[in-house]
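Residue-level structural notes
Next come the chains, spelled out residue by residue.
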Amino acid sequence: MNNMPLVSVCVQTYNQADYIKQCLDGILMQQTNFPFEIILGEDQSTDGTRKICIAYAEKHSNIKLSLRSRDDVIHINGRATGRHNFTENLKACQGRYIALCEGDDYWTDPLKLQKQVDILEKHDDINICFNRANTLKAEQLELHPIPEEVDLKGFKYIELLQHYNFITTASVVLRKPEGFTIPNWFYKIPFGDMGLYKLASGSGLIHCIEDTMSVYRVHDRGIYSGISEIKAQQNYLSFYKIIRASLNSEERKVVDKKRLKVVRKISKLKFKKSPLKSKAYYIYHRLKLVINL
């Protein structure tokens, strides 16, 4: 009998003792007609998360636990990230499909994996399948918004660039690309999920199941919580610069326009009280962008 997992569920966690049980329980409750593994990366937490993960791995044979070290943490734009933990988890995935769920998010439908895999198995032109999700903030659940003009039955990666990343990470199941490897730029890009969606989507479609089956938790311990608006915009600028080389010509046109808009925002934020300085900053950095395209 072939016990190789069809799906690898990729879970990264760090200092999430209050949340990791709910995350793992939501995955373990999945009812499927195929085997799946849970690739759990624990990033040397200091709040008891590691102890919880070890206990779960000892009890459940399909949990493959890796205990990471903070010595290996990758810094992106001056901030410590979970990128090393994430990439090592991705490398360990044996399944044909990879599902994502950060340690502070959770699944609510026991048929989530089955529904998404059924679609991916049936439709070769769909490379990413995600579901509608709730956002949990201040103990209140609210449906995560998606632009009305997006065709949920099938759209291309370019629409994420045109709008924003409206896909919540815990809602995603993707088809692992043939010969999947992690490029060097992935270790530097600010938004790893958007980088992964580009690698996985290829020339295929992204499909949304309209069932609400997961929860994205917003709290003040998230990796990008608490950063200034200028820093946030600089992260977008860095993302567009790094991802550009991997985009097709139409996607590059979108990104080039986005970069100019971000530079405009940064100029206004930097020089709120000096329109002349703001304008000079924008013109200078716009010229730099155009020259370097």
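Residues numbered from 1 in each chain as written. Predicted model: local features only at pLDDT ≥ 70, side-chain atom pairs only at ≥ 80, totals over all residues. Heavy atoms only, no water.

**Details of the overall build of the protein chain**
- A tally of helices and strands in the protein chain yields 9 helices and 11 strands.
- In the protein chain, which comprises 293 residues, the proportion classed as buried is 50%.
- Mean positive and mean negative side-chain charge positions of the protein chain (43 and 33 charges, respectively) differ by 10 Å. (Helix = DSSP H or I, 4+ residues; strand = E, 2+ residues; numbered from the N terminus. Buried < 20%, exposed > 50% of the residue type's maximum accessible area, 1.4 Å probe, protein only. Lys, Arg positive; Asp, Glu negative; His and termini not counted. Charge placed at Lys NZ, Arg CZ, Asp CG, Glu CD.)

**Considering the nonpolar core**
- Formed by 41 residues in total, the largest nonpolar core has its most connected members in Phe 130, Tyr 157, Leu 160, Ile 167, Tyr 197 and Phe 239.
- Where this core is concerned, the elements lending two or more residues are α3 (83-92), β6 (97-100), β8 (126-137), α5 (158-162), α6 (192-201), β11 (205-218), α7 (229-243) and α8 (249-270).
- Setting aside residues up to four positions removed in sequence, Tyr 157 forms contacts with Met 194, Tyr 197, Lys 198, Ser 201, Ile 206, Phe 239, Ile 243, Leu 247 and Glu 251. (Core = buried A, V, L, I, M, F, W, Y, C linked by side-chain atoms within 4.5 Å. Contact = heavy atoms within 4.5 Å.)

**Focus: the pairing of strand β9 (residues 140-143)**
- Of the pairings in the sheet, the one linking β8 to β9 comprises 4 bridges and is antiparallel in character. Looking at the pairing, Lys 137 lines up with Gln 140 of β9. (Pairing = 2+ DSSP bridges.)

**Quick look at the packing of aromatic side chains**
- In total, this model carries 10 aromatic pairs according to the counting rule given.
- Measuring from ring centre to ring centre gives 6.5 Å for Phe 130 and Phe 166, while their planes differ by 50°; the resulting arrangement is tilted. With Phe 130 in strand β8 and Phe 166 in the loop between α5 and β10 (173-175), this pair connects stretches of sequence that are 36 residues apart. The same class applies to Phe 130 and to Phe 166, which are both buried.
- Ring geometry for Tyr 164 versus Phe 166: centroids 5.9 Å apart, planes at 85°, classification edge-to-face.
- Its relative accessible area of 39% is what places Tyr 164 among the partly exposed residues.
- Through pairs of rings, three or more aromatic residues link up here, namely Phe 130, Phe 155, Tyr 164 and Phe 166.
- Here the basic side chain of Arg 70 rests over the ring of Tyr 14, its NZ or CZ set 3.8 Å away from the ring centre.
- Sitting above the plane of the Trp 107 ring, Lys 112 keeps its charged end 4.3 Å from the centroid. (Phe/Tyr/Trp six-rings, centres within 6.5 Å; stacked < 30°, edge-to-face > 60°. Lys NZ or Arg CZ within 6 Å of the ring centre and 35° of its normal.)

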